[in-house]
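# Architecture and fold: a report
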Amino acid sequence: MLTILHISSCLQLSREEAMLKFVVVLSFVACALAGTIPEGMVSLNDDLGGRIVGGTPTSISSFPWQVSLQRSGSHSCGGTIYNSRIIVTAAHCLQSVSTSVLRIRAGSTYWNSGGVVISVAAFRNHEGYNSATHANDIAIIKLASSLSFSSNVRSIGLATSTPGNGASASVSGWGTQKSGSNSLPSQLQYVNVSIIDRSKCASSAYGYGSVVRAGMVCAAGSGKDSCQGDSGGPLVSGGVLVGVVSWGYGCAAARYPGVYADVATYRSWVVNNANSI
Ligand SMILES: *[C@@H]1O[C@H](CO)[C@@H](O)[C@H](O)[C@H]1NC(C)=O
């Protein structure tokens, strides 16, 4: 709930000073540096970011690597199946939580029914995760029992290189369909977006500046974005996982692309930690 308070005060500041665009941007940066997730995490379970706007309902068979990460039975974040025991998600999805309340649902188009629900044995956040800057926003979860693969449950490989600027990608999830909404679609949604590389995303072509750091990659489409509740979920391009939904300012806001943990940067971290957790 802390995050929501931060968010609403950030947004209020922005509105009060809405005539000064530069101040609006600075107030956003100040909020970001103060440790909020600027997109206004509604949540659904207190701190979750991520964000599918402008999406199309889809079926799990088209995104069989997607899981719903749940806290006490409620959807909180997305995740991606790396192997039958390991899920990749965002570190901000796993702050101040104990494994006992965590479950994942895999193999279902609906976050609240079907497929299989599996308990969590352990999780590990990236050691360098920084809640103030969102740097290194990646984590892995070890499941208490193995997933059985099928047409609806499957792993996906990790990118070995960051896709180039303009590459097409898809992001999927059960997140809200507009910024600030507090209702989740029960059916999985996806959108197609284009990759924006880090240097372009941090340039004056967009509104973020240097808060888009090494280890982050952006993606956007007109009126299309991930949104609250999509955090931790998969951004896929060329048949591999290229991004983990991390943060953004609003959802589908002009000049503010969705920001993702760049999977190619964290590939060896995931591989090594999946072997040692
Ligand atoms: C998204 O892209 C895929 C692959 O190019 C394409 O098959 C699909 O029709 C697109 N979906 C939408 C909603 O544009």
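Every residue gets a number counted from 1 within its own chain, in the order that chain's sequence is written. In view of the model being predicted, local features appear only for residues whose pLDDT reaches at least 70, and side-chain atom pairs are presented and counted only at 80 or more, with totals across whole chains, interfaces and linings using the full set of residues. Side-chain descriptors were evaluated using all non-hydrogen atoms of the structure, hydrogens and water having been removed beforehand.

### Comments concerning the environment of Gly238
We apply this condition: Numbering of helices and strands starts at the N terminus; helices are DSSP runs of H or I of at least 4 residues and strands are runs of E of at least 2. Each residue gets one of three labels from its accessible area relative to the maximum for its type: buried under 20%, exposed over 50%, partly exposed in between, using a 1.4 Å probe on protein chains only.
Along the chain, Gly238 turns up in the loop between strand 11 (234-237) and strand 12 (240-247). What makes Gly238 exposed here is its relative accessible area of 80%. In sequence terms Gly238 and Ala169 are 69 residues apart; their C-alpha atoms lie 7.5 Å from each other.

### Description of the sheet that holds strand 6 (residues 116-125)
Worth spelling out the cut-off: Any two strands with at least two DSSP bridges between them are considered paired. The convention used is that axes are lines fitted to C-alpha atoms, helices contributing only their stretch in contact, and that angles between N-to-C directions extend from 0 to 180 degrees. Contact definition: two residues touch when any of their heavy atoms are within 4.5 Å.
The strand order around the closed barrel built from six strands is 2-3-4-7-6-5, with neighbouring strands paired in antiparallel fashion. Within this sheet the neighbouring strands show an average axis-to-axis angle of 45 degrees, counted without direction. Here four bridges tie strand 4 (residues 86-89) to strand 7 (residues 139-143), and the two strands are oriented antiparallel to one another. Bridge pairing in strand 7 places Ile86 opposite Lys142. Across the face of the sheet, helix 4 (residues 263-276) comes into contact with strand 3 (74-83), strand 4, strand 6 and strand 7 while running at roughly 30 degrees to strand 7.

### Quick word on the packing of aromatic side chains
The test is simple: Classification of ring pairs uses Phe, Tyr and Trp, with its six-membered ring standing for Trp, and accepts pairs whose centres are within 6.5 Å; under 30 degrees between planes counts as stacked, over 60 as edge-to-face, and the remaining range as tilted.
Applying the stated criterion to the full structure yields five aromatic pairs. Between Tyr208 and Trp247, the aromatic rings sit 5.0 Å apart at their centres with planes inclined by 65 degrees, giving edge-to-face as the arrangement. Of this pair, Tyr208 sits in the loop between helix 3 (198-201) and strand 10 (216-220) while Trp247 is found in strand 12, placing the two residues 39 residues apart along the sequence. Judged by its relative accessible area of 2%, Tyr208 falls in the buried class. Owing to a relative accessible area of 1%, Trp247 belongs among the buried residues under this scheme. Arranged with centres 4.7 Å apart and planes meeting at 65 degrees, the rings of Tyr249 and Tyr256 form a pair that is edge-to-face. We classify Tyr256 as buried; its relative accessible area is 5%.

### Comments concerning helix 4
Put simply, the test is: Helices are assigned an expected span. That span is 1.5 Å times one less than the residue count. Note on bend: at a given residue it equals the angle between the axes fitted to the 7 residues ending there and to the 7 starting there.
With 14 residues, helix 4 should cover 20 Å at 1.5 Å per step; its first-to-last C-alpha distance of 19 Å lies within 8% of that length. In helix 4, a bend of some 30 degrees at Trp269 exceeds every other bend along the element. Among the residues making up helix 4, those that are buried are Val263, Ala264, Tyr266, Trp269, Val270, Asn273 and Ala274. Packing partners of the buried residues in helix 4 comprise strand 3, strand 4, strand 6, strand 7, strand 12 and strand 13 (258-262).

### Side note on the site of the ligand
Which entries qualify depends on this criterion: Proximity is defined per residue: if any heavy atom of the residue lies within 4 Å of a molecule or strand, that residue is considered near it. Pairs of N or O atoms within 3.5 Å make up the polar contacts considered here, provided that, within protein, one atom can donate a hydrogen while the other can accept it, and that residues adjacent in sequence are counted only when both atoms are side-chain atoms. In short, Shrake-Rupley with a 1.4 Å probe defines the accessible areas, and a residue's cover is counted only from the protein chains shown.
Neighbouring the ligand are the residues Thr56, Tyr190 and Asn192. In the environment of the ligand, a nitrogen atom lies 2.8 Å from a nitrogen or oxygen atom belonging to the side chain of Tyr190. Against a free-state accessible area of 360 Å², the protein chains account for coverage of 30% of the ligand.

### Focus on the side chain of His75
Structurally, His75 can be placed in strand 3. Residue class for His75 comes out buried when judged on its relative accessible area of 2%. Here the side chain of His75 touches Gly229 through a polar contact of 2.8 Å, landing on its backbone oxygen.

### Overview of the nonpolar core
Put simply, the rule is: Nonpolar cores were defined as sets of buried Ala, Val, Leu, Ile, Met, Phe, Trp, Tyr and Cys residues, with membership established by side-chain atoms within 4.5 Å.
With 43 residues, the main nonpolar core has Leu69, Leu94, Ile104 and Leu147 as its most contacted residues. Among the elements that line this core, the one with the most residues is helix 4, at five residues.

### Quick word on unusual backbone geometry
The backbone phi angle of Ser72 is positive, close to 50 degrees, even though this residue is not glycine. With respect to the helices and strands, the residue Ser72 is situated in the loop between strand 2 (66-71) and strand 3. Relative accessible area serves as the criterion here: at 60%, Ser72 is assigned to the exposed category. Here Ser96, not a glycine, exhibits a phi torsion of approximately 50 degrees, which is positive.

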